[in-house]
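Coordinates in review
Read off the chains here:
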Amino acid sequence: MCERFPAAAFIGMVGVSAGSGLVVSYLGQEGTATPVGACCSLCPAYDIEKAFSSLNPLVEKALLINAKAYFVRCNEAVLRRVSSAGVDACLAARSFVEFFEAAAPFALCNQQPPKGQEDTIAAQRARYFAANNPMNHYHQIQVPSLLVNARDD
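What comes next is a walk through the structure. (Residues numbered from 1 in each chain as written. Predicted model: local features only at pLDDT ≥ 70, side-chain atom pairs only at ≥ 80, totals over all residues. Heavy atoms only, no water.)

1. So, the pairing of strand β1 (residues 12–16)
Across five bridges, β1 lies against strand β2 (residues 38–42) in parallel orientation. In the sheet register, Val 16 faces β2, and the bridge partner there is Leu 42. Note that the unit made of β1, helix α1 (residues 18–30) and β2 has a crossover that is right-handed. (Pairing = 2+ DSSP bridges. Helix = DSSP H or I, 4+ residues; strand = E, 2+ residues; numbered from the N terminus. Right-handed = clockwise from strand over helix to strand, strands pointing away.)

See below:
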C-alpha cells in the first residue's frame, strides 16, 4: 500500500466478518512496525477456535454446504495439489467446525512445519490457529482500534 501511494498521509484498515480477524491478527503481529494509523473491525469472530461452535443449526448447514461447494468442489484440482487429505477431510466434515479445521492445510500451503515435527492435519491446524487466531495477537495492537459487534451477530 505504501509503495502504491507514497504520499498518503494516513492509512486505515477495515475488516468485515472473517476479514476483521485478519485485520486484528495483522496489526497484532506487526505491532509498532505497521504503517496503519487506525483500524475498524466489523463483526469479528474474536476467537476463531471457538467462534463456529455455536452457530444456528440452519445457518451452519447452509454455510457447510456452500463452503464445500464453492471453496472445495469448485477448486478441487488445485486444492488436491496442496493436500489431497485436506480435501477429503473438508468434504467429509459433518460440521462447520470440522470443515474449518480441515481447511487449515490450504492456509499453510507455503509454510513448512518446524524441523522434526510431523505435518499431520492436526499439526497444521495447531499452526494455523497459532498464526491466525486474533486472540493470540490482539494485545499487541499499537494503533487506535474500533471493534463493532452485535449480541445476535
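Here the narrative resumes, following the displayed structure.
2. Regarding the packing of helix α2 (residues 57–72) against helix α3 (residues 76–92)
Relative orientation of the contacting elements α2 and α3 amounts to 165 degrees, with a least axis distance of 11 Å. Classified by the interaxial angle, the pair formed by α2 and α3 is roughly antiparallel. Considering the relative orientation of α2 and α3, their crossing is left-handed. Here α2 contributes Lys 68, Phe 71 and Val 72 to the contact with α3, which in turn contributes Glu 76, Leu 79, Val 87, Cys 90, Leu 91 and Ala 92. (Axes fitted to C-alpha atoms, helices over the stretch in contact; angles between N-to-C directions. Parallel < 35°, antiparallel > 145°, perpendicular 65-115°, else oblique. Left-handed = near helix turned anticlockwise from the far one by under 90°. Contact = heavy atoms within 4.5 Å.)

3. Considering the environment of Val 87
Looking at the element boundaries, Val 87 is found in helix α3. Among the residues examined, Val 87 registers a relative accessible area of 1% and is labelled buried. For Val 87, the contacting residues outside a window of four places in its chain are Val 72, Glu 76, Leu 79, Arg 80 and Phe 106. (Buried < 20%, exposed > 50% of the residue type's maximum accessible area, 1.4 Å probe, protein only.)

4. Observations regarding the pattern of salt bridges
Summed over the entire model, instances satisfying the criterion amount to six salt bridges. For Arg 125, the salt bridge goes to Glu 49, with nearest N and O atoms at 3.8 Å. Of the two residues, Arg 125 is situated in helix α6 (residues 121–132) and Glu 49 in the loop between β2 and α2; the sequence distance between them amounts to 76 residues. The closest approach of N and O atoms between Arg 94 and Glu 98, which form a salt bridge, is 3.4 Å. Here Arg 94 falls in the exposed class, since its relative accessible area comes to 69%. (Salt bridge = Lys/Arg side-chain N within 4 Å of Asp/Glu carboxyl O.)

5. A closer look at the nonpolar core
Core analysis: the largest hydrophobic core is formed by 18 residues, its most contacted members being Cys 90, Phe 99, Phe 100, Phe 106 and Tyr 128. Mapped onto this core, the elements with two or more residues apiece are α2, α3, α4 (96–102), α5 (104–107) and α6. Among the elements that take part in this core, α4 stands out by supplying four residues, more than any other. If we ignore the near neighbours within four places in the chain, the residues touching Tyr 128 are Ile 48, Phe 100, Ala 104, Ala 107, Leu 108 and Asn 133. (Core = buried A, V, L, I, M, F, W, Y, C linked by side-chain atoms within 4.5 Å.)

6. So, the packing of aromatic side chains
Inspection of the entire model under this criterion finds nine aromatic pairs. Relative to Phe 129, the ring of Phe 100 lies with its centre 5.9 Å away and its plane at 40 degrees, an arrangement referred to as tilted. Remark: Phe 129 occurs in helix α6 and Phe 100 occurs in helix α4; sequence separation between them is 29 residues. Taking the relative accessible area as the measure of exposure, Phe 100 reaches 17% and is therefore buried. Linked through ring pairs, Phe 52, Phe 71, Phe 96, Phe 99, Phe 100, Phe 106, Tyr 128 and Phe 129 together constitute an aromatic cluster. (Phe/Tyr/Trp six-rings, centres within 6.5 Å; stacked < 30°, edge-to-face > 60°.)

7. So, the environment of Ala 67
Note that Ala 67 resides in helix α2. C-alpha of Ala 67 to C-alpha of Thr 34: the two residues are 33 residues apart in sequence and 32 Å apart in space. Ignoring sequence-local partners within four residues, the contact set of Ala 67 consists of Val 72, Phe 96 and Phe 99.

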